[in-house]
Amino acid sequence: VQLQASGGGLVQPGGSLRVSCVVSGDAISGYAMGWFRQAPGKEREFVSAISPDGSYTIYSLSVKGRFTISRDNAQNTVSLQMNSLKPEDTAVYYCAAAYGVILSQIRILQEYEYWGQGTQVTVSS
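All of these numbers come straight from a predicted model, not from anything done at the bench. (Residues numbered from 1 in each chain as written. Predicted model: local features only at pLDDT ≥ 70, side-chain atom pairs only at ≥ 80, totals over all residues. Heavy atoms only, no water.)

Concerning the sheet that holds strand S8 (residues 77-82)
Paired through their backbone hydrogen bonds, the strands of a sheet run either parallel or antiparallel. Selection rule: In this description, strands pair whenever DSSP reports at least two bridges between them. Labels follow the DSSP assignment, with helices taken as runs of H or I lasting at least four residues and strands as runs of E lasting at least two, numbered in each case from the N terminus. Axes here mean lines fitted to C-alpha atoms, for a helix over just the part in contact, with angles spanning 0 to 180 degrees between N-to-C directions.
Read from one edge of the open sheet, four strands run S1-S3-S8-S7, paired in antiparallel fashion. Of all the strands in the sheet, the pair left with one neighbour each is strand S1 (2-6) and strand S7 (67-72). Adjacent strand axes in the sheet meet at a mean angle of 15°, parallel and antiparallel pairs treated alike. Here S1 pairs with strand S3 (residues 17-24) via five bridges, running antiparallel. Within S3, the position partnered with serine 6 by the bridge is serine 20.

Brief notes about the side chain of asparagine 76
As a reminder of what qualifies: Between N or O atoms, a polar contact is any pair within 3.5 Å; within protein, one atom must be a potential hydrogen donor and the other a potential acceptor, and residues adjacent in sequence are included only when both atoms are from side chains. Contact criterion: two residues are considered in contact whenever any of their non-hydrogen atoms come within 4.5 Å of each other.
Along the chain, asparagine 76 turns up in the loop between S7 and S8. Here aspartate 26 takes part through its backbone oxygen, which lies 2.8 Å from a polar atom of the side chain of asparagine 76. Only 3.0 Å separates the side chain of asparagine 76 from the backbone nitrogen of isoleucine 28, close enough to count as a polar contact. Residues in contact with asparagine 76, not counting those within four places in the same chain, are Cys21, Val22, Val23, Asp26, Ala27 and Ile28.

Thoughts on the state of the cysteines
Selection rule: The disulfide definition used here is simple: a pair of cysteine sulfur atoms within 2.5 Å.
One pass over the full model with this rule turns up one disulfide. Across the disulfide, cysteine 21 is cross-linked to cysteine 95 (sulfur-sulfur distance 2.1 Å). Between cysteine 21 and cysteine 95, the S-S torsion sits near 60°, and that sign places the bridge as right-handed. Note that cysteine 21 is positioned in strand S3 and cysteine 95 in strand S9 (residues 91-99), a separation of 74 residues in sequence.

Concerning the pattern of salt bridges
This is how it is decided: Salt bridge, as used here, is a side-chain nitrogen of Lys or Arg placed within 4 Å of a carboxyl oxygen of Asp or Glu. Each residue gets one of three labels from its accessible area relative to the maximum for its type: buried under 20%, exposed over 50%, partly exposed in between, using a 1.4 Å probe on protein chains only.
Summed over the entire model, instances satisfying the criterion amount to three salt bridges. A salt bridge links arginine 66 to aspartate 89, with the nearest nitrogen and oxygen atoms 2.7 Å apart. Here aspartate 89 lies in the loop between S8 and S9 and arginine 66 lies in the loop between strand S6 (57-59) and S7, a separation of 23 residues in the sequence. Each member of the pair, arginine 66 as well as aspartate 89, carries the same accessibility label: buried.

Re the nonpolar core
The following threshold applies: Remark: nonpolar core denotes a set of buried residues (Ala, Val, Leu, Ile, Met, Phe, Trp, Tyr, Cys) joined through side-chain atoms within 4.5 Å.
With 28 residues, the main nonpolar core has Met33, Trp35, Phe67, Leu80, Met82 and Tyr93 as its most contacted residues. Among the secondary structure elements, those contributing two or more residues to this core are S1, S3, strand S4 (31-38), strand S5 (45-50), S7, S8, S9 and strand S11 (119-123). Counting residues in each nonpolar core, the second largest holds ten residues, with Phe46, Ala49, Ile58 and Val101 among its members.

A word on the packing of aromatic side chains
Short version of the rule: Any Phe, Tyr or Trp ring, taking Trp's six-membered ring, that has another such ring centre within 6.5 Å forms a pair; planes under 30 degrees apart are called stacked, those over 60 apart edge-to-face, and the others tilted.
Under the defined criterion, the tally for this structure stands at six aromatic pairs. Each ring, one from tyrosine 31 and one from tyrosine 114, has its centre 6.1 Å from the other, and the planes form 70°; the classification is edge-to-face. With tyrosine 31 in strand S4 and tyrosine 114 in strand S10 (residues 114-115), the pair connects residues that are 83 residues apart, well separated along the chain. Ring plane angle 75° and centroid distance 5.7 Å describe the contact between phenylalanine 36 and phenylalanine 46, whose orientation is recorded as edge-to-face. Placement of phenylalanine 36 in strand S4 and of phenylalanine 46 in strand S5 is noted, with a sequence separation of ten residues between them. Classification of phenylalanine 36 as buried rests on a relative accessible area of 1%. Its relative accessible area of 11% is what places phenylalanine 46 among the buried residues. One aromatic cluster in this structure is built from Phe36, Phe46, Tyr112 and Trp115.

So far we have only geometry, and geometry alone does not tell us how the molecule works.
What follows is the structure, given as structure tokens:
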């Protein structure tokens with residue numbers, strides 16, 4: 001299973017950006033999909049996740065209300081719409097896939113077996 005993230009870039013505070021992840025090698029319909037981020041000098045942290053059928057989504061407190069995760073199982077893609085971006089959202093954003101994870105564990109980084117290469121998001125004026 002390979003994940004390819006794209007869509008990062010430079011945006012001003014208050015702006016919007018959409019990052020996407022295309023998965024190849026297997027159908028994502030059996031996988032929970034997550035987004036994590038890592039800022040310089042910090043540990044990788046959970047941002048958002050979505051259940052295999054898309055019926056359940058969860059967000060970190062720092063992005064709740066501003067970010068929206070979605071998936072298209074027919075296209076084998078997952079996306080993260082980021083609005084009202086803040087400088088503290090600056091990080092490398094990683095998509096990840098977890099097979100068979102229970103929903104109570106969906107925020108846990110170690111539950112994800114497959115990872116994309118990351119895409120840089122920079123929020124700065």
